[in-house]
Amino acid sequence: MKKVFLAVRKGWRKFKFKRKNRSLAMDILLIILLGCIGLVSIWPLLYIINAAFKPMSEIFLFPPKLFVRNPTLNNFFDLSVLISESNVIFGRYLFNTIFLTVVGTGGTVLVGSMAAFPLAKYRFPGSKVMSSTVVYSLMFNGTVTAIPNYIIMSRLNLINTYWAVILPVVGGTFGLYLMQNFIVQVPDDLIEAAKIDGMSEYGIFFKIIMPLSRPAWITLIILSFQSFWGNTGGTFLYSEKLKPVSYMLSQVINGGIARTGAAAAVSLIMLVVPVVVFVISQSNVLETMATSGLKG
Amino acid sequence: MKKKKKTTFREVWKKHRQKYILMLPFIVLFVVFTLVPVLVSIVLSFTSFNLIEMPKFVGLRNYINLLAFDSVFLIAVKNTLLFAIVTGPVSYLLCFGLAWLINELPPKVRAVMTLVFYAPSISGGAYMIWKLIFSSDSYGYANALLMNLGIIQEPILWFANKDYIMPILIVVQLWLSIGVSFLAFIAGLQNVDRSLYEAGQMDGVKNRWQELWYITLPQMKPQLMFGAVMQITQSLSVSSISIDLVGFPSVDYAGHTILTHLHDYGNLRYEMGYACAIATILFFMMIFINIIIQKLLRKVAS
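Residues numbered from 1 in each chain as written. Chains lettered and ligands numbered in written order. Predicted model: local features only at pLDDT ≥ 70, side-chain atom pairs only at ≥ 80, totals over all residues. Heavy atoms only, no water.

Enquirer: Can you explain the interface of chain B and chain A? Please cite residues and give values.
Expert: Where interface size is given, it is often the accessible area lost as the parts come together that is meant. Taken together, the 94 residues of chain B in the interface contact 98 residues of chain A. The contact between chain B and chain A buries some 8,800 Å² in all, and 74% of this surface belongs to carbon and sulfur atoms. It is Leu22, Phe26 and Phe33 of chain B in chain B that bury the most area against chain A; as a group they hold 9% of the surface buried on that side. In this structure, the connection of chain B to chain A is made through zero salt bridges. The leading source of residues in the side of chain B that touches chain A is helix 1 (residues 9–44) of chain B, at 23 residues. A breakdown of the residues in the side of chain B that touches chain A according to their chemical character gives 65 nonpolar, 19 polar and ten charged. (Contact = heavy atoms within 4.5 Å. Buried area = accessible area lost by both parts, 1.4 Å probe. Salt bridge = Lys/Arg side-chain N within 4 Å of Asp/Glu carboxyl O. Helix = DSSP H or I, 4+ residues; strand = E, 2+ residues; numbered from the N terminus. Nonpolar A, V, L, I, M, F, W, Y, C, P; charged D, E, K, R; others polar.)

Enquirer: How would you sum up a nonpolar patch on the surface? Please name residues and give values.
Expert: Together, Val272, Val273, Val276 and Ile280 of chain A line one region of the surface with nonpolar side chains, adding up to about 300 Å² of accessible area. As for its placement among the helices and strands, Val273 of chain A is situated in helix 14 (residues 260–287). (Patch = residues over 30% accessible without salt bridge, like charges linked within 9 Å, V, L, I, M, F, W, Y side chains within 5 Å. Areas by Shrake-Rupley, 256 points an atom, 1.4 Å probe, with all protein chains shown as cover.)

Enquirer: Residue-level account of helix 8 (residues 163–170) of chain A, with values.
Expert: Taking burial as the measure, the eight residues of helix 8 of chain A include six buried ones, the bulk of the element. For helix 8 of chain A, the full list of buried residues reads Ala164, Val165, Ile166, Leu167, Pro168 and Val170 of chain A. Taken together, the buried residues of helix 8 of chain A touch helix 5 (90–121), helix 7 (142–155) and helix 12 (214–230) of chain A together with helix 1 of chain B. (Buried < 20%, exposed > 50% of the residue type's maximum accessible area, 1.4 Å probe, protein only.)

Enquirer: How would you explain the environment of Thr114 of chain B if you had to name every residue and give the values?
Expert: Position of Thr114 of chain B among the secondary structure elements: in helix 4 (residues 107–122). Along the primary structure Thr114 of chain B and Ile75 of chain B are separated by 39 residues, whereas in three dimensions their C-alpha atoms are 37 Å apart. Those residues in contact with Thr114 of chain B, other than ones at most four positions away along the chain, are Phe278 and Gln282 of chain A together with Ile102, Phe182, Leu183 and Ile186 of chain B.

Enquirer: Help me get a handle on unusual backbone geometry, residues and values and all.
Expert: Negative phi is the rule for most residues except glycine; trans is the rule for most peptide bonds. All names here are of chain A. The backbone of Asn157 sits at a positive phi, close to 60°, despite the residue not being glycine. By secondary structure assignment, the location of Asn157 is in the loop between helix 7 and helix 8. Of note, Asn160 is a non-glycine position whose phi angle comes to about 65°, a positive value. Relative to the assigned elements, Asn160 resides in the loop between helix 7 and helix 8. Using a relative accessible area of 17% as the deciding quantity, one classes Asn160 as buried.

The following block contains the structure:
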């Protein structure tokens, strides 16, 4: 048992070493290349941020300008008025979003990883069929399955509950497939050692597999969070009390040309949360060097 | 699945019980919310179904109509394949290249750059700014630039000209495609054992390209496979950028893809049987391409 923990801990320690086989000229060339692609990529972010602070006169300026000249907070005031006029209090929308996002993301990561572990590390009756079914079901387009899905939901009395949004995502194969491709790399020796020490498969999953595939599940959290955050509930949630923030905000955007300013504020708010989650999570991906020192 | 060998069912269960239990929650949700809907859709593809009346079995008629009589579908297939052949490999290389390059940067710069490259994917419908760029008047950025440089005299009607539609969609898709695979590659690069690089330096790995070829790529096989599957599904599933940017239907069907065709029959005409047949054909196309690519990647790997 001790051996396993020592190995895991050793893996967690950051590995510091300087690479010497790099030429300066190529470094400079590549940095210039990165900068150019970066300039093209960063554009929508700059656009959304600037638009949110533009006064009406600049929003409708023609030809449009990227950068704001006279920044104002008016768009946010307009939005707060619109929000306070709504029938359902904002806190309710917020609660719905938080519930959907937290339970949905947590469920996707946990359920997907639990299934990914046996599929990645063992051969047993059914494992091969399951693995290929998982890959292939990624390839069936969701547009036509929406109808059978809706019928199943209504038979199960799940329409207009949070579960109608959460369960199909958790039962989707994307999370499993991502996790499977990382768990495969956890060294077999470590699992064997844990087994000799009398650990159950559940113990191995929680104490070895999950800590060592941290970059993978953090990535999955980012992707899953993003999709739940943007989910408006669609046809599965029709009661206003269950609708998430993104639905409420999309109503503002659909409110016509007079609300263009408030809509720009909405775009920024919708963007800020995923960006913050992204930055926090991504810095965690980059800081773990999970399996270093364990392989080979 | 589990009952394949009836005589040893008990033994199998005894030996692998914990694995099946770990997989159980997923299997239940997967069967109910993914597998059954997919199978139902495939069955519906052999019917005529307008969402109001009960589906009527029509055999292979949907497939025959699609492949033999629907000339627009053949345009859609052609466009989709052309689109995928360009965007699939290019965005795969782009995702990997960028992930690999920023992996060399100091941690803080690296975190910022990851966000910069991922920005188009995180900002939702931000690809609509391409409408500003390719706006058809002389104020659109592309037109203004070309006119200032004296390359053109009159503004180009970008989205009304069938020669420009596909290239524009390809550019926008490439710009948008630094997403899932990119993040998976970044995470995968963190998984590469650092001591291998150190050992590599001692064994005479001379430059970054050799290091990439002999150490990084072999260590990232699972993520590279994952990225390939993602690229195949994404590059063949283009629809919303086409509908939002060049409109539906597009001029001369120049931006028409398999999925916009599906959107037409599924969401506008309510011919669900036909729509399901389109989805099923796309499904088997993806599986076929996937098998070829996997074989190709394995060959390259060995």
